[in-house]
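# Architecture at a glance
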Amino acid sequence: MQEDSRALAKPGLGGGPSAVGERGEGTILAENVTKEFEGGVRALDDVDLSARPGEFVSIVGPSGCGKSTMLRLIAGLIPLSGGTITVNGRQVTEPRQDIALMFQRPTLLPWQTALQNVLLPPKLGKNLDQGAERQAYELLDLVGLSGFEHTYPRHLSGGMQQRVALARLLMVGVDVLLLDEPFAAVDQLTRERLNLELLRVHERLSATALLVTHNIQEATLLADRVIVMTPRPGRIADVIDVPLPRPRAPEMLAEPEFQELVLRAYSGLQIPLVDEGDTRQAGVNGA
Amino acid sequence: MARKVLHALSPMRLARRLWPPLLFLAILVGLWELAIEVDYVSERILPHPKDVAVSFWELIRSDFVWDDIGATLWESVAGFVLGAALGLALAIPSGLSPVMRRMLGPYAVALQVTPRIAIAPLIIAWAGFGYSSKIWIAAIIAFFPVYVNTLTGILTVDEEAREMFRSLGASRWQTFQHLMVPGSLPVMFAGLKTAAGLSLVGAVVGEFISAERGLGVLVQQFASQLAMADAFAVILMLMFLGLLLYGVMEWLERTTVFWLHDDRLVARSRRRAARAEKKLARNGGVPPKPRPTLVGRR
Ligand SMILES: Nc1ncnc2c1ncn2[C@@H]1O[C@H](COP(=O)(O)OP(=O)(O)OP(=O)(O)O)[C@@H](O)[C@H]1O
Ligand SMILES: [Mg+2]
């Protein structure tokens, strides 16, 4: 895999890992990735992206810059138009068992209990046994849902449903977690709690995580690296290393070092700070 | 749960729930009596409610009417099953394959927009005066709602859930079995319920055209003899048959699509929790032992 090391050493990828585990479990490597949809929408244009084993990488960017497309490509759900994507040392050509993907909505099966939903991956993988069941109980406990194992999704709140989805994701038992705005549909308070739970889980599991989010603070607080994308066509504008120590805590939001990182991300997004919510102006207000 | 049921059946609550429909019935029967009393309609055309009740009672004590009830019930149930089976058999491949959908879709719509009752005399000419012709008429009428609703159910299964199944490496059969089938059940059942009612219509229409037995035959006979109280009584019987079919479908729906009904969900949650607890006790009562690593590498 000579090409891999070349890409990892590329400047601008920030914190590009050196010799560590190019072939190791949990490596994501995307090179010159281009995706053009039918109808000529160029969702991604020559994007390079990498993640080391155990690394937490956030992707931020305005709506429509190709974040979801990037995750879908890495998950092998849609075909590439150009470039290559390698995960765990193997090129991605179709959906794979060693990559787990979590969507914006919980997508639980309403006819199954929380426990049954978490047990879906082993059930589909035909390795549903006592060990799997035990693990499902533990994961539900880990995401703070013990006591709700036998409750159906209809009787769980939105945040609880997302936690079931998170437990199901962890049940897949892989080294690569792809999270596409996993908590976008819940309220701010719940979302902050779920983020911290995600952090805790990640720190315990040492899996590689790729998180898509709209929230720069959130992206920075959680990640080792923040990838800033711009739209039309989707490109990487900046890659920001986050050298804050782990475990991360919400108090870090107040630290000047953190503030600086956030400001840098904003400038990468070319969002005027007075009007930070308005992504429509992102392309126009080039600094 | 049990307490909840008892609560729902308590006399006070029953009274509170039942008075509006009962009041309306009283008003209706009152107006009916009044119309006859003031000679707005002749008693020969519109019998007294009391006479209808008497006729109803006498009919169900006679021997012959049960054969007619049985005939109509058999025709509509068999017709429903046949129509629903055809609907499912065509909707499932249509839902899974766009080619099949384009192949069958136009003809299903053509069959729908044709007044299918017009086909009934033809079917009787082909299949004879016996039960089978009524069963086919009921089936043809019951087919369409099952076909359309099942197809809609399959096509509207959540796209993200399908993507999730793909990302988990599910086979086509697994996706069908664990996602498409349960996912399309709620909409499918809406079609089945409509079809159950329509199959009764089909059976009665078939009997009107030509039959030896059946409630449809009875209505026609009584009406032509101007035995109005008897005719009304038979119509009441048809209503009860319809209610029976509806009730059975309603019950089937609540049992099958349990996840749309809160009471069923709560009961099932309880049962599953109890079963899990028992299993735990069988394994020595120790809580599951934590694994050294949380994520098993498979
Ligand atoms: N299936 C598709 N067919 C055609 N165009 C698509 C398709 N999916 C996405 N696109 C286009 O690709 C671009 C990127 O879409 P994508 O969903 O990746 O954006 P995103 O960054 O995830 O946005 P958001 O933050 O709103 O989720 C958009 O312009 C979108 O219109
Ligand atoms: Mg998206």
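So, here's what we can say about the structure. (Residues numbered from 1 in each chain as written. Chains lettered and ligands numbered in written order. Predicted model: local features only at pLDDT ≥ 70, side-chain atom pairs only at ≥ 80, totals over all residues. Heavy atoms only, no water.)

This brings us to the overall build of chain B. Secondary structure assignment for chain B yields 12 helices and zero strands. From first element to last, N terminus to C terminus, chain B shows the α and β order α-α-α-α-α-α-α-α-α-α-α-α. Here the C-alpha atoms of chain B give a radius of gyration of 26 Å, more than 25% beyond the 19 Å that 2.2 N^0.38 yields for 298 residues. Burial analysis of chain B (298 residues in total) assigns 38% to the buried set. Expressed as a percentage of contacts within chain B between residues at least 6 apart in sequence, the contacts between residues at least 24 apart total 70%. Of the roughly 17,300 Å² of accessible surface on chain B, 69% is carried by carbon and sulfur atoms. Side chains of chain B give 31 positive and 22 negative charges; the mean places of these two sets differ by 21 Å. (Helix = DSSP H or I, 4+ residues; strand = E, 2+ residues; numbered from the N terminus. Rg over C-alpha atoms; globule rule 2.2 N^0.38 Å. Buried < 20%, exposed > 50% of the residue type's maximum accessible area, 1.4 Å probe, protein only. Contact = heavy atoms within 4.5 Å. Areas by Shrake-Rupley, 256 points an atom, 1.4 Å probe, with all protein chains shown as cover. Lys, Arg positive; Asp, Glu negative; His and termini not counted. Charge placed at Lys NZ, Arg CZ, Asp CG, Glu CD.)

Our next topic: helix α3 (residues 49-61) of chain B. Three or four residues apart is the spacing at which side chains of an α-helix point the same way, because the helix has 3.6 residues per turn. All names here are of chain B. Across its 13 residues, α3 extends 19 Å between first and last C-alpha, which sits within 8% of the 18 Å expected from 1.5 Å per residue. Listed in full, the buried residues belonging to α3 are Pro49, Val52, Ser55, Phe56 and Leu59. One face of α3 carries all of its buried residues, which in axial projection span an arc of 115 degrees. Away from its buried face, by an angle of more than 90 degrees, α3 presents the exposed residues Lys50, Trp57, Glu58 and Arg61. (Expected span 1.5 Å × (residues − 1). Arc of directions from axis to C-beta.)

This structure, assessed with the given rule, holds 20 salt bridges over all chains. A salt bridge links Glu55(A) to Arg225(A), with the shortest nitrogen-to-oxygen separation between them at 2.7 Å. In this pair, Glu55(A) sits in the loop between β2 (42-51) and β3 (56-60) while Arg225(A) sits in strand β9 (residues 225-230), placing the two residues 170 residues apart along the sequence. The same class applies to Glu55(A) as to Arg225(A), namely buried. Between Lys50(B) and Asp51(B) there is a salt bridge; the shortest N-O distance is 3.5 Å. A single network of salt bridges, built from pairs that share partners, joins Glu36(A), Arg42(A), Asp45(A) and Arg235(A). (Salt bridge = Lys/Arg side-chain N within 4 Å of Asp/Glu carboxyl O.)

Residues and elements named next belong to chain A. Around ligand 1, the neighbouring residues are Phe37, Val41, Ala43, Ser63, Gly64, Cys65, Gly66, Lys67, Ser68, Thr69, Glu181 and His214. Taking Thr69, its side chain carries an N or O atom lying 2.4 Å from an oxygen atom of ligand 1. Taken by itself ligand 1 offers 640 Å² of open surface, and the protein chains cover 60% of this. Here the element with the most residues in the shell around ligand 1 is helix α2 (residues 67-74); it accounts for three residues. When its residues are assigned to classes, the shell around ligand 1 shows four nonpolar, six polar and two charged. (Near = heavy atom within 4 Å. Polar contact = N/O pair within 3.5 Å; in protein donor to acceptor, adjacent residues only side chain to side chain. Nonpolar A, V, L, I, M, F, W, Y, C, P; charged D, E, K, R; others polar.)

The antiparallel open sheet is built from four strands, whose spatial order is β2-β1-β4-β5 (chain A). Edge positions in the open sheet fall to β2 and β5 (90-91) of chain A, since each of these has one partner strand only. (Pairing = 2+ DSSP bridges.)

Moving on, we get to the sheet that holds strand β7 (residues 176-180) of chain A. Residues and elements named next belong to chain A. Read across the sheet, six strands follow the order β6-β7-β8-β3-β9-β10 without closing on themselves; strand pairing throughout is mixed. The sheet terminates laterally at β6 (99-102) and β10 (235-241), the two strands that pair on one side only. Put simply, the sheet's adjacent strands are angled 15 degrees from each other on average, direction ignored. Examined bridge by bridge, β3 and strand β8 (residues 208-213) share five bridges and lie parallel to one another. From the neighbouring strand, Phe56 faces β8, where its bridge partner is Ala209. The strands that helix α7 (residues 188-205) touches are β3, β7 and β8; relative to β8, the one it contacts most, it runs at about 160 degrees. (Axes fitted to C-alpha atoms, helices over the stretch in contact; angles between N-to-C directions.)

What follows is about the pairing of β10(A). All names here are of chain A. As judged from the six bridges shared by β9 and β10, these two strands associate in the antiparallel manner. Within the sheet, the bridge partner assigned to Arg225 lies in β10 and is Asp241. Hairpin connection, β9 to β10: the antiparallel pair is bridged by four residues, and Arg232 has positive phi, about 50 degrees.

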